[in-house]
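Residues per chain are reported as follows:
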Amino acid sequence: MTVATETSTTELLSALGLSADNPGAFDGEWIDTQGPALESVNPTTGEVIASIRTATATDYERVAAAAVEAFEAWRTWPAPQRGEVVRQLGLELRQHKEALGQLVTLEMGKILSEGLGEVQEMIDMVDLAVGMSRQLCGLSMHSERPEHRMTEQWHPLGPVGIITAFNFPVAVWAWNSTVAAICGDSMIWKPSAKTPLCALAVTRIAQKVLEANDAPPIFGLAIGDRHQVGGPLVADRRVPLISATGSVAMGRKVGEVVASRLGRSLLELGGNNGIIVMDDADLDLALRAVLFAAVGTAGQRCTTNRRLLLQKGIAPEMKERLKSAYASISIGDPLDPKILMGPLVDGRAVEDMKAALKVIEEQGGKVIYGGGTIDRPGFFVEPTLVEASGDMPVTCEETFAPILYLFEFDTLEEAIELHNSVPQGLSSAIFTTNLLSAERFLTAAGSDCGIANVNIGTSGAEIGGAFGGEKETGGGREAGSDSWKAYMRRQTCTINYGTELPLAQGVEFDVG
Ligand code: NAD
């Protein structure tokens with residue numbers, strides 16, 4: 001089923017409980033928001049899909065107050081019962097996978113298999129979180145004092161603010177919300193203004209599950225601008241954790257405000273991800289991985305491969321193979337299953353790419369493939385290959401578009417130094433058949449990123465591991481491993497089951 005006509009778009013919206021004009025905030029009920037209208041635009045055609053009445057600061061206040069109240073009730077539910085509600089969310093997501101995946105493609109522009117993949121990632125997160133709901137384990141420690149016991153337990157934290165980027169309009173909510181929910185937290189979601197319909201659709205699905213379980217309205221939503229929603233949320237002292245996904249510039253601002261009120265922030269920011277290809281690499285494997293990592297999602301993943309470091313022996317062959325592979329990428333309507341690359345998200349993204357190409361030229365970079373826009377409705381560009389060198393400052397920035405910088409190097413040491421020379425530290429990879437090179441890449445003196453792969457590209461992480469990056473990427477970790485701890489507060493408890501009151505460190509404090 002493809003969504004090509006106006007009628008089928010209307011059907012799709014209606015299947016997800018949406019219409020041409022939608023309220024933009026949810027606090028257990030849909031609030032009759034009266035803020036300025038926000039238009040959701042289809043990046044494939046430039047046409048408006050539907051409109052949203054945004055939330056005002058007063059609407060935000062309603063959502064925040066409801067989140068505080070919902071938290072007070074939800075935190076008393078046993079964690080496995082909270083897990084049961086999240087399990088049912090997974091059932092609903094399975095039922096709506098096709099429609100929600102199509103909406104992601106329609107509104108954000110990623111190809112349908114990636115749109116569906118994003119919903120699958122939500123489902124996977126649900127399954128992981130359900131398991132976690134029975135494993136929120138603390139440690140027990142031996143006390144130095146006789147007849148004492150020490151233990152560590154984890155409590156729900158409070159309402160969590162979730163700020164999401166446009167490029168993963170539903171999965172990032174799930175990374176946070178499934179785990180926060182089983183941890184006993186309520187949430188206030190502020191999605192990207194570029195993908196509001198996805199947020200509305202997800203919240204409607206979540207609403208159904210909450211109501212079926214008579215659960216408190218933990219999944220709050222407020223769609224609005226920085227002044228009415230973003231700013232008040234970040235500054236809100238009732239919200240102990242702000243989990244923010246987006247650009248480094250956004251993270252800097254948000255992190256500063258949250259730190260000034262001594263709140264916690266979990267920052268998932270921009271990447272500038274490198275792949276090193278050694279002379280001994282399996283080049284077929286490397287080529288396939290680079291193509292998906294550099295061109296997939298039209299270069300709009302935080303984990304997109306932006307820098308390709310080629311050892312000199314294979315550099316000429318890889319460049320030629322890349323050029324012919326780039327020429328065979330089908331570009332067009334992302335709902336068409338034959339298409340591999342859809343549009344950029346909006347006109348501004350196209351302008352940003354053009355501006356970056358100008359700077360590339362000024363700094364001595366050489367475009368060896370692409371570099372243009374595509375003359376058709378919507379926001380289409382060519383995937384682009386650029387021969388670059390380490391002294392081009394533009395290569396240290398994340399341009400959110402399909403531009404791949406190609407570098408050459410002699411030794412692995414040189415490659416690792418070049419690889420680590422950028423301010424971001426999200427994802428990284430090496431292609432080699434040499435065990436020693438692979439292991440060197442993974443040592444403390446190897447990749448400085450939060451994610452380091454061997455013979456796998458930089459994008460497409462599995463949810464079982466902790467996801468996030470170092471340096472300007474913000475240091476946050478979400479999804480698997482022990483990332484759940486960010487959504488809870490730790491309490492160390494010492495219990496005296498004797499009749500004496502010995503003090504720690506042998507301190508004496510006896511009266512009389
Ligand atoms: P963006 O920074 O423009 O916006 C992200 C979100 O932050 C949006 O909801 C936006 O409205 C909000 N925002 C911006 N300024 C704010 C402020 N001052 N206060 C409160 N909220 C504010 O990013 P984008 O263009 O939507 O997404 C692309 C960026 O996100 C890229 O840099 C990409 O690498 C990054 N990203 C990172 C990850 C990760 O996990 N590390 C995942 C996805 C995207």
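Shown above is the structure to which this text applies.
About the cut-offs
Every residue gets a number counted from 1 within its own chain, in the order that chain's sequence is written. Owing to the predicted nature of the model, reporting of local features is limited to residues with pLDDT of at least 70; listing and counting of side-chain atom pairs is limited to 80 or more, with chain, interface and lining totals taken over all residues. The side-chain values count all of the structure's non-hydrogen atoms but skip hydrogen atoms and water molecules. Within this analysis, patches are made of residues with over 30% relative accessible area and no salt bridge. Like charges are joined at 9 Å or less; nonpolar side chains (Val, Leu, Ile, Met, Phe, Trp, Tyr) at 5 Å or less. Surface exposure here means Shrake-Rupley accessible area, sampled with a 1.4 Å probe, where a residue is shielded only by the protein chains that are shown. Only one rule defines a salt bridge in this text: a Lys or Arg side-chain nitrogen within 4 Å of an Asp or Glu carboxyl oxygen. The helix count covers DSSP runs of H or I at least four residues long, the strand count covers runs of E at least two residues long, and both are numbered beginning at the N terminus. A pair of strands counts as paired when DSSP detects no fewer than two bridges linking them. In what follows, residue pairs with any heavy atoms lying within 4.5 Å of each other are defined as contacts. Axis geometry follows a simple rule: fit a line to the C-alpha atoms, using only the stretch in contact for helices, then measure angles between N-to-C directions, giving values from 0 to 180 degrees. Throughout this description, any angle smaller than 35 degrees is read as roughly parallel, any larger than 145 degrees as roughly antiparallel, any in the 65 to 115 degree range as roughly perpendicular, and the remainder as oblique. Here is the rule for handedness: rotate from the far helix to the near one, and if that takes an anticlockwise turn smaller than a right angle the crossing is left-handed, while a clockwise turn gives right-handed.

Chemist: For this particular structure, what's the right way to read a nonpolar patch on the surface?
Modeler: Together, Leu501, Leu503, Val507 and Phe509 make up a nonpolar patch on the protein surface, roughly 460 Å² of accessible area in all. Structurally, valine 507 can be placed in the segment after β23 (488-496).

Chemist: What am I meant to see in the sheet that holds strand β10 (residues 241-245) here?
Modeler: Hydrogen bonds between backbone groups are what pair the strands of a sheet, and the pairing can be parallel or antiparallel. Spatial ordering of the open sheet is given by β2-β9-β8-β7-β10-β11, a layout of six strands whose pairing is mixed. In this open sheet, the two edge strands, each paired with only one partner strand, are β2 (25-26) and β11 (264-268). Pairing of β2 with strand β9 (residues 219-222) involves two bridges; the strand directions are antiparallel. Looking at β9, one finds that alanine 25 is bridged to alanine 222. In this fold helix α2 (residues 57-74) packs onto β2, β8 (187-190) and β9, with an angle of close to 150 degrees to the strand it touches most, β8. Lying over the sheet, helix α7 (residues 196-212) contacts β2, β8 and β9, oriented at roughly 150 degrees with respect to β9.

Chemist: Please clarify how the sheet that holds strand β6 (residues 148-156) should be interpreted in this entry.
Modeler: One open sheet holds the three strands; their spatial order is β5-β6-β23, and the pairing between them is antiparallel. Of all strands in the sheet, those bounded by a partner on one side alone are β5 (140-142) and β23. Averaged over all pairs of adjacent strands, the angle between strand axes in this sheet comes to 20 degrees, irrespective of strand direction. In the sheet, β5 pairs with β6 via three bridges, with the strands oriented antiparallel. Among the inter-strand pairings, serine 140 is bridged to a residue of β6, identified as threonine 151.

Chemist: Explain the packing of helix α10 (residues 283-295) against helix α11 (residues 315-327) here, please?
Modeler: In helix packing, the relevant descriptors are the interaxial angle and the interaxial distance, both defined with respect to the helix axes. Their axes nearest at 11 Å, the elements α10 and α11 cross at an angle of 50 degrees. Classified by the interaxial angle, the pair formed by α10 and α11 is oblique. In the crossing of α10 with α11, the sense of the turn from one axis to the other is right-handed. Of the residues in α11, those touching α10 at Leu283, Asp284, Ala286, Leu287, Val290, Leu291, Ala294 and Val295 are Glu317, Met318, Arg321, Leu322, Ala325 and Tyr326.

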